[in-house]
Amino acid sequence: MEIGTRVIRINGQRVRDGIDLTFLLAEGQLELETLSPSGEEVVYEIEREPGEPVGIIPAPDAIRECANKCVFCFIDGNPKDVRETLWLRDDDFRLSFTYGSYVTLTNLGPKGLQRLIDQRLSPLYVSVHATEPAVRERLLVNDRAGLIMNQLQHLLANGIEVHTQVVLCPEWNDGHHLDRTIDELYGLGEGVLSLSVVPVGLTRYNLNNPVRHLTVAEGCQAIDQVDRARVRAFAERGEAWAYSADEMYLVAERPFPEDAYYEPWSLTENGVGALNRFVSDFEEGLQALPELSGTRILILTGASMEPFFTERVPRIEEATGATVALKGVVNQFFGESVTIAGLLGGKDLMEAAVGEPQVDVILIPAEALNADDLFIDSVSLEDMKARVAPARVVAGYQLIECLQAL
């Protein structure tokens, strides 16, 4: 096959995307109907042993876009010069299955839901936000949003499991609305694998338009509501089931729970237990850090992580012999209310580094970079390296990872 060839059908069934391709290529006897870049129709007949790869590498699929206009949409909180790809409003079930992205299901009709069932695309990650039809329609600004319970019941009845999420917006889906959402999702049975409750995240560009931040008291109330659901789930099913995200504990100004709260650690990448994982990784890796006597290190992180790093700087200095400075970077790009390290812009990081005394190494969060080493404000990692030279810039997903790379 030439690069650019389209696979039209496999064993007579239409190929719509990469998921279809993977699913249909599982057969041992294959008949591929293709269209070459020059327009020639070619049929390939293939016989192979089970598990033997065919060698076809598909181009990336076009992303299925969102049909909602959520009142808390992070896209609406973007400044005009944000990285170009971040204007894409994705709501793609394929990304949910393959990468764990949360989707709303509002852009899927009966045929789309049936495809999930036919191809056993499970588990899915579903943004529920509210189970009351009127509340969810108001949040998502979509008349189809109220179908969520019917959709979930249909998927669960046909063997599809789901992780669910609520982005909590004060005076929209909190209080008794959250209690109802928790009760109704739990009532769907064990096919709903989990519920994560996350505080709404807003920037200077969409704050109070129309959603505001949670107060400390509202964060505490949400944690208490989730904890009541956990007590019931443990008593009836022997599992936690419901979780408050790390950010909720920061909002509520409460101590983080013990590691056992997050077991089986299946939601860490969605912000549930990530901070505890940071702490445990730090403790495990501290003794294996290299000797760095005389090295001057500057650690840059988001404002929310600064207190946790501050506690650990003396221990890093003791273990390595290095001189370590720490700076929690204020997010000027999105606004001071955005405090996580992964949303720091390159310009803010560079200005924070340039304003510090001379250092040998600057450690930055790898979450702030995409696969092309671009920050969220389209500044490149190479731009930053040039700006802060001769200091060396090291990016890592964990502090220990960065230090071990020195």
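Structure: see above.
Reading the values: the criteria
- Residues numbered from 1 in each chain as written.
- Predicted model: local features only at pLDDT ≥ 70, side-chain atom pairs only at ≥ 80, totals over all residues.
- Heavy atoms only, no water.
- Buried < 20%, exposed > 50% of the residue type's maximum accessible area, 1.4 Å probe, protein only.
- Helix = DSSP H or I, 4+ residues; strand = E, 2+ residues; numbered from the N terminus.
- Pairing = 2+ DSSP bridges.
- Right-handed = clockwise from strand over helix to strand, strands pointing away.
- Core = buried A, V, L, I, M, F, W, Y, C linked by side-chain atoms within 4.5 Å.
- Contact = heavy atoms within 4.5 Å.
- Axes fitted to C-alpha atoms, helices over the stretch in contact; angles between N-to-C directions.
- Parallel < 35°, antiparallel > 145°, perpendicular 65-115°, else oblique.
- Left-handed = near helix turned anticlockwise from the far one by under 90°.
- Nonpolar A, V, L, I, M, F, W, Y, C, P; charged D, E, K, R; others polar.

Chemist: Teacher, can you tell me more about the pairing of strand β11 (residues 361-365) here?
Modeler: Note on strand geometry: in a regular strand, side chains alternate between the two faces of the sheet. The buried fraction of β11 is high, at five of five residues. Neither face of β11 is exposed, since Val361, Leu363 and Pro365 on one face and Ile362 and Ile364 on the opposite face are all buried. Of the strand pairs in this sheet, strand β9 (residues 296-302) and β11 are connected by three bridges, and their pairing is parallel. Bridge pairing links Ile299 to Leu363 in β11. Relative to strand β12 (residues 392-396), β11 is paired through five bridges, and the arrangement is parallel. Note that in β12 the partner of Val361 across the bridge is Arg392. Crossover β11 to β12 through helix α12 (residues 381-388) is right-handed.

Chemist: Explain the nonpolar core here, please?
Modeler: Nonpolar side chains tend to gather and get buried jointly when the protein is soluble and globular. Leu152, Trp241, Ile297, Leu363 and Leu399 are the most contacted members of the largest nonpolar core, which has 74 residues in total. Broken down by element, this core gets its largest block of residues, six residues, from helix α7 (residues 216-237). Ile297 has contacts with Leu292, Ala322, Thr323, Val324, Ala325, Val361, Leu363, Leu403 and Leu406, leaving out every residue within four places of it along the chain. Ala353, Ala368, Leu381 and Val388 belong to the second-largest nonpolar core, a separate cluster that totals 20 residues.

Chemist: I keep staring at the packing of helix α3 (residues 110-118) against helix α5 (residues 148-157) and nothing clicks. Help me out?
Modeler: When two helices pack together, their arrangement is captured by the angle between the axes and the distance separating the axes. The N-to-C vectors of α3 and α5 enclose an angle of 25°; their axes lie 10 Å apart at closest approach. Our classification of the angle between α3 and α5 gives roughly parallel. In the packing of α3 onto α5, the handedness of the crossing is right-handed. On α5, the residues that touch Leu113, Gln114, Leu116 and Ile117 of α3 are Gln151, His154 and Leu155. Grouping the amino acids of the contact of α3 with α5 by side-chain chemistry returns four nonpolar, three polar and no charged.

Chemist: Would you take a moment to explain the sheet that holds strand β7 (residues 192-199) for this structure?
Modeler: Whenever strands of a sheet pair, they do so through backbone hydrogen bonds, lying parallel or antiparallel. Across the sheet, which stays open at both edges, the four strands sit in the order β5-β6-β7-β8 with parallel pairing between neighbours. Both edges of this open sheet fall to β5 (124-127) and β8 (242-244), since each of them pairs with a single strand only. The average undirected angle you get between the axes of adjacent strands in this sheet is 20°. Both β5 and strand β6 (residues 162-168) contribute to a ladder of four bridges, which runs parallel. Its bridge partner being in β6, Ser127 is matched across the sheet by Gln165.

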